[in-house]
Structures are given as structure tokens and as C-alpha cells.
Amino acid sequence: MTNSHPAKSHQRSRSEVISRDTFVQYHDADDDLTWAEPVDDHDHFVPKPAPVLIANPQPQRQHVKRRPVETPITSIATVTTNTTPTPPSSSAPKADHAAAIGDSPIIPPPLRIRRPKDIHSTMAPPPARQVRLLIASIGNPPPYHTTRHSAGHLVLKSLSTHMSLPPLSRSKVLGTGSVSLGSDRGVPEYTLWQSASMMNVSGTGTLKAWKQFNGLNAGASPDILTALVVLHDELESSIGTIKLRRGETSAKGHNGIKSIQSSFKSAGLLPSMGDRFIKLGVGIGRPRSREKDDVSAWVLGQLTNLERGKIEAAAESVIAVLRSEISRLERS
């Protein structure tokens, strides 16, 4: 048997089998190379160019530009009964000619591998933090609850009704003042507290209530986040409108806010609270005159029925703000 590779002078050995008399396997023991050559049904070799020796029996991945074909192409590994190639007619497509003589490997389309999903998208979101709000109203004690300066008290009382919370009642749970516990109605997020002091000295009682509230809630579990919401009257806003401020901002001449911020700052708490210190101003309008005595008479004056109705109705807006603040704090 003639050596099919003229570059080598020594004899190659023929391996044991052929795939259904279609290919013959050769092995060069000196170079440890293996290749295959097709044969016909009578074990005669088909004249072919010198085989390319394959050092690695595993086929290497080829990047071949695929050509459109009009007829199916049979892989060269398919066994056929007629191994003698038939020259194609001049009118046959070029791709069919390549398939007939077997001079071009048929490369299957690449595998489509799905990109792994983002691991973060499959992970469950972290549990939301539990938020507890101390909603404190400041103003003047009776008989001044119906004055414009006590608009915060009126809104707090209206909140307890709109949210179906217990009526405000005197309690020592949070120092002095009146309390309504949302936990008694299954909504521990809300605790209402009404200051019992005069407006200008609201800071001391509010600070004491906050410390006790913080100890009962944040001290009970590290997963609980507490925040303070102060309801107060807002001189520059129209009746019943709500203005939100967070953190230590200008008191804008409001003595009750001045007192609270001063007390919390002295205790070293205000900076650490950050945006957990929330102020909700309830609009009470303002007189035309800017004189100090006229402004004082305005804020201490009695609310009309129309003004009181608008202020009490502001509780619905306050509830919406409180829910929004809880959602914000849960994600913080």
C-alpha cells in the first residue's frame, strides 16, 4: 500500500477500521499523528490531494462565513453507496458543487447560549425597615386650642378621627401631654402626642417625649427606625395648606420651632436625626399689616368656622404626607 504522504519516507500503519468501508484511519507512530482517507467499496483509494496531518484529533473550531444554499447539504460524515464523485454540471450552483466533491467542511450553526440572568434580579429584595413616627403637635393649652396658633393641635385631633385611632388622652407614657397609640388599633407606625406646654417653651416637653418614645421603639429592636414629625401653624401659608421641611432649617420666626430645635441641639440629638426630624406647617394665613402687634393678635385670634373646617380637613393631606415619609424612611 502506497504512502499517501510523500513528505515522509517511512511506512505508516493502517488502523483497524474504517467507518463502514468509507474511511481508512492512518497512524504515524514516529510523529504520533493520525489522519483518515476515504476509500471506495473495493478498497481503492480515491485520488485526493495530500492529506493534512492533524496533530490534535479533536477538531478545531473554525470561523467560516456561511453561504446560502438552494439544496440541502449532506455532511461528509454521512455514509454513501457511491463514493466516486460526479462532476457537477456548469449550471449547478457553486454551493452544490462544493457539497458534491466534499472540498469544504460543513460547519453547524453555533450554539445559542442564554445569557445568565442578573443574580441581583433574582434575589429577593431586602426586607423593609419598620418605621415608627412620633407625631407631635405644638400650640397653646386650653382654652387656646381654638386659636390660629394651635392649628397643629386641631389637625392632630382630626388625624385620630380620620385614622380611627384612640382619642387623645392624658398619659405619662411619653412624659406630659396627651397620647393616642396607633398600636392599640394595629397601626404601630403612628403615635400621636399633643404638647401640654405653652408654644414658646415647647422644646423641653417634646424632647422628653421623644426620648421615651425612642427608647420604647428603637431600643426594642435594631430594625425599627424612629422619626419625629412636628405639627405647627404656618403664618405665611394660606388656610389649611401643608408645608413640609426636613432637618434643621430656619424657624422663620416661629418660637415653638426655635424652642424645639434649641432643646434637641443642646441634647446633641438634632444633627444625628437629620431628615428624621420632620416639620409640617399648617397654613393659617396672615393679616394685611406686618406690624408685630397685628401679627400677634392674628395668631392668637379665634378661628372662624370656615377657617377651622379647612384646617381640620388638612388631616387628609397630612395622612398622605406621613405615608410618603414612611415609604421614604423604609428605603433609607
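Everything below is about the structure printed above this text.
What you see is a predicted model, and the numbers here were worked out from it, not measured in a lab. (Residues numbered from 1 in each chain as written. Predicted model: local features only at pLDDT ≥ 70, side-chain atom pairs only at ≥ 80, totals over all residues. Heavy atoms only, no water.)

(A) Inspection of the sheet that holds strand E6 (residues 178–181) at higher detail. Pairing in this open sheet of 7 strands is mixed, and the strands run E5-E6-E7-E4-E8-E10-E9 from one edge to the other. Lying at the two open borders of the sheet, with one neighbouring strand each, are strand E5 (169–170) and strand E9 (242–246). Bridging between E9 and strand E10 (residues 277–283) involves 5 bridges; their strand directions are antiparallel. Residue pairing for E10: Leu 244 is matched across the bridge by Leu 280. Helix H4 (residues 202–217) contacts strand E4 (130–137), strand E7 (190–194) and strand E8 (224–234) of the sheet and is inclined by roughly 155° relative to E8. Packed on one face of the sheet, helix H9 (residues 315–331) meets E4, E7, E8, E9 and E10 and runs near 145° to E4. (Pairing = 2+ DSSP bridges. Helix = DSSP H or I, 4+ residues; strand = E, 2+ residues; numbered from the N terminus. Contact = heavy atoms within 4.5 Å. Axes fitted to C-alpha atoms, helices over the stretch in contact; angles between N-to-C directions.)

(B) Representation of the nonpolar core in the model. Grouped together as the largest cluster of nonpolar side chains are 29 residues, with contacts concentrated most on Leu 133, Ile 135, Leu 159, Tyr 190, Leu 231, Ile 311 and Leu 322. Mapped by element, the contributors of at least two residues to this core are E4, helix H3 (151–162), E7, E8, E10 and H9. Of the residues forming this core, the biggest block, 6 residues, is contributed by H9. The contact partners of Leu 133, leaving out residues within four places of it in the chain, are Glu 189, Tyr 190, Thr 191, Phe 213, Ala 227, Val 229, Leu 322, Ile 326 and Leu 329. Ile 138, Ala 209, Ala 251 and Ile 260 belong to the second largest nonpolar core, which has 20 residues in total. (Core = buried A, V, L, I, M, F, W, Y, C linked by side-chain atoms within 4.5 Å. Buried < 20%, exposed > 50% of the residue type's maximum accessible area, 1.4 Å probe, protein only.)

(C) View of the pairing of E7. The buried fraction of E7 is high, at 5 of 5 residues. The side-chain alternation of E7 yields two buried faces, one formed by Tyr 190, Leu 192 and Gln 194 and the other by Thr 191 and Trp 193. Inspection of the sheet shows E6 paired to E7 by 4 bridges, in the antiparallel sense. Note that in E7 the partner of Ser 178 across the bridge is Gln 194.

(D) Up close: the packing of aromatic side chains. The tally for this structure, following the rule as stated, stands at 2 aromatic pairs. For the ring pair Trp 210 and Phe 213, a centre distance of 6.0 Å and an interplane angle of 35° mean the geometry is tilted. A residue pair is termed a helical-turn pair when its members lie 3 or 4 positions apart in one helix, as Trp 210 and Phe 213 do in helix H4 at 3 residues. According to the relative accessible area criterion, Trp 210 is buried, its value standing at 3%. The side chain of Arg 148 reaches across the aromatic face of Trp 298, ending 3.8 Å from its centre. (Phe/Tyr/Trp six-rings, centres within 6.5 Å; stacked < 30°, edge-to-face > 60°. Lys NZ or Arg CZ within 6 Å of the ring centre and 35° of its normal.)

(E) Representation of the environment of His 232. Secondary-structure assignment places His 232 in strand E8. Here His 232 falls in the buried class, since its relative accessible area comes to 3%. Setting aside residues no more than four positions away along its own chain, His 232 makes contact with Ile 138, Gly 152, Arg 245, His 254, Ile 257, Lys 279, Leu 280, Gly 281 and Val 282.

(F) Main features of the pattern of salt bridges. A full pass over the atoms with the stated rule returns 9 salt bridges. Linking Glu 248 and Lys 265 is a salt bridge whose minimum nitrogen-to-oxygen distance equals 2.4 Å. Remark: Lys 265 occurs in helix H5 (residues 255–266) and Glu 248 occurs in the loop between E9 and H5; sequence separation between them is 17 residues. For Glu 248, a relative accessible area of 44% puts it in the partly exposed group. (Salt bridge = Lys/Arg side-chain N within 4 Å of Asp/Glu carboxyl O.)

(G) Representation of the environment of Arg 323 within the structure. Following the sequence through the fold, Arg 323 ends up in helix H9. Arg 323 sits in the exposed class, given a relative accessible area of 55%. Once the C-alpha coordinates of Arg 323 and Glu 189 are considered, the two residues, 134 residues apart in sequence, prove to be 9.5 Å apart.

By themselves, these figures tell us nothing about what the structure is for.
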